[in-house]
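Spelled out, the chains give:
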Amino acid sequence: MSAEQIITVPEDDDGQRLDRWLKAYMPYVLAQKLIRKGAVRVNGKKVKQDARIEKGQEVRIPPFEDAVARERETYRLSEDDAIFIKSLVIYQDEDVIVLNKPSGLAVQGGTGMARHVDGMVEALSDRNGVKPRLVHRLDKDTSGVLILARSAESARQLGAMFKGHDIKKIYIALTAGVPEQLEGTIKAPLMKAGGAQKERMVVDEEEGRYAETEYVVLERAGKSAAHIAFWPRTGRTHQLRVHAADVLGCPIIGDGKYGGAESRIEGLDLGRNRMHLHAARLILPHPSKKNSTLDLFAPLPADLSDSWKALGFTAKMKDDPFAE
């Protein structure tokens, strides 16, 4: 059984919904159940699922490993899924396992979500039967680097790195159109649109949460399309997608939620069924080896590689585009 945890909400997490914030520590469905039961407390008090946390608050997370085990008992890992999740591994050592997650595969379960990474990690258990743990997430439609921790201690260290911005996350995308400025820093606060558009995020200078993205245009196809590297310095929902579409004016090709599905590149049929956004690289300190750095690459999947090549772009990243 895991031990009780008391976590002080960092400044960067101010304003997040409690149930979504807890996804960094446990499956989302389990977080909702524990909140409903009153087992999760904020400053010692019971709260609702849609409660917003504030910096400096203390969140009590009860022991939950037994509950996770019970949740997983209802899921039977198929032989095909075991083979599939193992095929995604691009790096592993005694502390971490790294996957190249495909587009269309959710990281965690939810309503109507029968197949997801968290449900398949049992196939990646070590020889002692210890299952790896999620420490961060990617959108279902985003492919690329996903790192798992092999132990509770590795999960704690990696979680602290993600919270403290000790990790450089580099995404690459194809956009419809080319930004006027070929490199720069976007600072545009984000919040939920609300109403009928509640699943979308929008830029709101007054009420939005701070969001910062660095970007560099790596290649251009005239004024029609660009190959752009993004480094999100904050981790807001749909941050890169909104910053590309609403700030740069260049939606990510294939992103139906933010205008990319309507984008057409003359002579090419790109993006009809696929958002062209890929988590290409993670650079971070090794969780147990001092003075050692993990530099993790996820190659472009075949469907994206075809689009890059169709535009005459380079599908491989040789250098860090944000190297100081």
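Coordinates for the structure precede this section.
Let me sum up the structure you'll find in this document. Remember, it's a predicted structure, so these values are computed and weren't measured experimentally. (Residues numbered from 1 in each chain as written. Predicted model: local features only at pLDDT ≥ 70, side-chain atom pairs only at ≥ 80, totals over all residues. Heavy atoms only, no water.)

## Re the overall build of the protein chain
Okay, so step 1: From N to C terminus, the protein chain includes 8 helices and 16 strands.
Okay, so step 2: Counting every position in the protein chain, which comprises 324 residues, the buried fraction comes to 48%.
Okay, so step 3: Once local pairs closer than 6 in sequence are excluded, the contacts in the protein chain between residues at least 24 apart make up 64%.
Okay, so step 4: Total accessible area computed for the protein chain in this model is approximately 16,400 Å², and 45% of it derives from carbon and sulfur atoms. (Helix = DSSP H or I, 4+ residues; strand = E, 2+ residues; numbered from the N terminus. Buried < 20%, exposed > 50% of the residue type's maximum accessible area, 1.4 Å probe, protein only. Contact = heavy atoms within 4.5 Å. Areas by Shrake-Rupley, 256 points an atom, 1.4 Å probe, with all protein chains shown as cover.)

## Brief notes about the nonpolar core
Okay, so step 1: Ile85, Leu99, Val117 and Phe230 are the most contacted members of the largest nonpolar core, which has 32 residues in total.
Okay, so step 2: The element best represented in this core is strand β14 (residues 225-232), accounting for 3 residues.
Okay, so step 3: Once residues within four sequence positions are removed from consideration, Ile85 is found in contact with Leu99, Val117, Met120, Ala123 and Leu124.
Okay, so step 4: Counting 17 residues, the second-largest nonpolar core is a separate cluster that includes Ile172, Ala229, Ala280 and Met317. (Core = buried A, V, L, I, M, F, W, Y, C linked by side-chain atoms within 4.5 Å.)

## A few points about helix α2 (residues 28-36)
Okay, so step 1: Taken together, the buried positions of α2 are occupied by Tyr28, Leu30, Ala31, Gln32, Leu34 and Ile35.
Okay, so step 2: A positive phi of about 80 degrees marks Gly38, the residue just after α2.

## Observations regarding the sheet that holds strand β2 (residues 41-42)
Strands in a sheet are paired, the pairing made by backbone hydrogen bonds, and the direction either parallel or antiparallel.
Okay, so step 1: Strand order in this open sheet of 4 strands is β1-β4-β2-β3, and the pairing throughout is antiparallel. Each edge of the sheet is formed by a strand with only one pairing partner; in this case those strands are β1 (5-8) and β3 (45-46).
Okay, so step 2: Relative to strand β4 (residues 58-61), β1 runs antiparallel, the two sharing 4 bridges. By the bridge assignment for β4, Ile6 is matched with Arg60. (Pairing = 2+ DSSP bridges.)

## What to know about helix α4 (residues 79-87)
Okay, so step 1: For α4, the full list of buried residues reads Asp81, Ala82 and Ile85. Axial view of α4: buried residues confined to an arc of 105 degrees, hence all on one face. Those residues of α4 that are exposed and aimed more than 90 degrees away from the buried face are Glu79, Asp80, Ile83 and Ser87.
Okay, so step 2: For α4, the elements touching its buried residues are β5 (89-92), β6 (96-101) and α5 (117-120). (Arc of directions from axis to C-beta.)

## Digging into unusual backbone geometry
Okay, so step 1: At Asn43, a position not held by glycine, the phi torsion is positive, near 50 degrees.
Okay, so step 2: Along the chain, the position of Asn43 falls in the loop between β2 and β3.
Okay, so step 3: Judged by relative accessible area, Asn43 falls into the partly exposed class, the value being 46%.
Okay, so step 4: Despite not being glycine, Asn291 has its phi angle at roughly 60 degrees, a positive value.
Okay, so step 5: With respect to the element layout, Asn291 can be found in the loop between β15 (277-285) and β16 (293-297).

## A few points about the side chain of Glu214
Okay, so step 1: Locating Glu214 in the fold gives a position in strand β13 (residues 212-221).
Okay, so step 2: Look past the residues within four positions of Glu214 in its chain and what remains in contact with it is Gly184, Thr185, Ala229, Phe230, Trp231, Arg233 and Phe322.

Coordinates in, geometry out; function isn't part of it.
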